[in-house]
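Each chain, letter by letter, is given below.
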Amino acid sequence: MNALRIASVVFWMAMLIFSADSKAQSGAANYYERLSINFLNALQTQQEDEQYIAVYSKIDPDSLENALQTAVQQNVFWINTYNAFIISQLREDSTLYHNRSKFFSEKRMKIAGLKMSFDEIEHGILRASTWKFTFGYLKNPFAPDLELKYRVSETDYRIHFALNCGAKSCPPVRTYETVSFKTQMNEQSRRFLNQVSQYNADKNEVYTTAVFSWFRGDFGGISGIRHTLIKYGVLPKGSDADIEFADDDWSMDIHNFYTDE
């Protein structure tokens, strides 16, 4: 067998192995996506959720990391997971919400054999190790291994219109899917922002969600917030409206699910 034929055989063997690995990764990604969707659906229909919590605790850490290869896959799994555990835990014990700071910062979930907090999922994984109280401007240079292992490859500011914190002012919960993620996120952003924002053309000002204030760096500052409000139809094109942030309603609400109405 000459060198050219040997090289050809090696190439095609490598391609077969790569194809098999890609199919395995794709199958694993679909499995984890479906797990997160089924978990949320069970909660929305008032079913028991113990079986899902048990499965989450036994996920293989490396399998999860290797399966979620794209930013979309990562966002879908972790957004669905965050929202599902919020509802699950508050449904089990509503008194946890009496101390919200502790509720979000305490390691309350077991995922892939690791104890995690809601803050770690939101700020460590979905916001790629951005410190919680820096308005979105400072990253954590000493991010722990958990965040390094699972954090998104590309931060999407629209997560702030998708994550539900269990309060009335939070965005509604919906199940996200990789095949329609971009469309779903744009629909969610447009709908939520138009529901919570009030534009006064005479005064050239807009009142909108305090989420923009807390995470202004994620949006690119005030100019980026204004651009987002224009993009989703809250403000007219070219607007230079002053932006005011409304107070949030922190009354607990775990039944705020997205509807097509």
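Residues numbered from 1 in each chain as written. Predicted model: local features only at pLDDT ≥ 70, side-chain atom pairs only at ≥ 80, totals over all residues. Heavy atoms only, no water.

**Brief notes about the environment of Pro-61**
Piece 1. With respect to the helices, strands and loops of the structure, Pro-61 is situated in helix α3 (residues 61-67).
Piece 2. For Pro-61, a relative accessible area of 29% corresponds to the partly exposed category.
Piece 3. When near neighbours in sequence (up to four residues on either side) are disregarded, Pro-61 contacts Ala-112, Lys-149 and Tyr-150. (Helix = DSSP H or I, 4+ residues; strand = E, 2+ residues; numbered from the N terminus. Buried < 20%, exposed > 50% of the residue type's maximum accessible area, 1.4 Å probe, protein only. Contact = heavy atoms within 4.5 Å.)

**Digging into the packing of aromatic side chains**
Each pair of aromatic rings is reported with the distance of its centres and the angle of its planes.
Piece 1. Per the counting criterion, the structure on display carries 22 aromatic pairs.
Piece 2. The interplanar angle of 80° and the centroid separation of 5.2 Å between the aromatic rings of Tyr-56 and Phe-85 together place this pair among those described as edge-to-face. You can see Tyr-56 sitting in helix α2 (residues 50-57) and its partner Phe-85 sitting in helix α4 (residues 71-92), a full 29 residues away along the chain. Of the two residues, Tyr-56 and Phe-85, both sit in the buried class.
Piece 3. Here the aromatic rings of Trp-214 and Phe-215 are separated by 6.2 Å at their centres, their planes lie at 85°, and the arrangement is edge-to-face.
Piece 4. Exposure remark for Phe-215: the relative accessible area of 8% places this residue in the buried category.
Piece 5. Put simply, the rings of Tyr-31, Tyr-32, Phe-39, Tyr-52, Tyr-56, Phe-77, Trp-78, Phe-85 and Tyr-150 pair up and form one aromatic cluster.
Piece 6. Between the NZ or CZ atom of Arg-174 and the centre of the ring of Tyr-258, over which it lies, the distance is 3.8 Å. (Phe/Tyr/Trp six-rings, centres within 6.5 Å; stacked < 30°, edge-to-face > 60°. Lys NZ or Arg CZ within 6 Å of the ring centre and 35° of its normal.)

**A closer look at the pattern of salt bridges**
Piece 1. Going through the model one piece at a time under the given rule, you end up with 10 salt bridges.
Piece 2. Between Lys-102 and Glu-106 there is a salt bridge, with its nearest N and O atoms 4.0 Å apart.
Piece 3. Residue classification places Lys-102 among the partly exposed positions, given a relative accessible area of 45%.
Piece 4. Here Arg-158 ties to Asp-156 by a salt bridge, and the two come within 2.7 Å at their closest N and O atoms. Of the two residues, Arg-158 and Asp-156, both sit in the buried class. (Salt bridge = Lys/Arg side-chain N within 4 Å of Asp/Glu carboxyl O.)

**Comments concerning unusual backbone geometry**
Piece 1. Positive phi outside glycine occurs at Ala-112, with the angle close to 55°.
Piece 2. As for its placement among the helices and strands, Ala-112 is situated in the loop between β1 (109-111) and β2 (114-116).
Piece 3. Look at Ala-112 and you get buried, because its relative accessible area is 3%.
Piece 4. Of note, Phe-135 is a non-glycine position whose phi angle comes to about 60°, a positive value.

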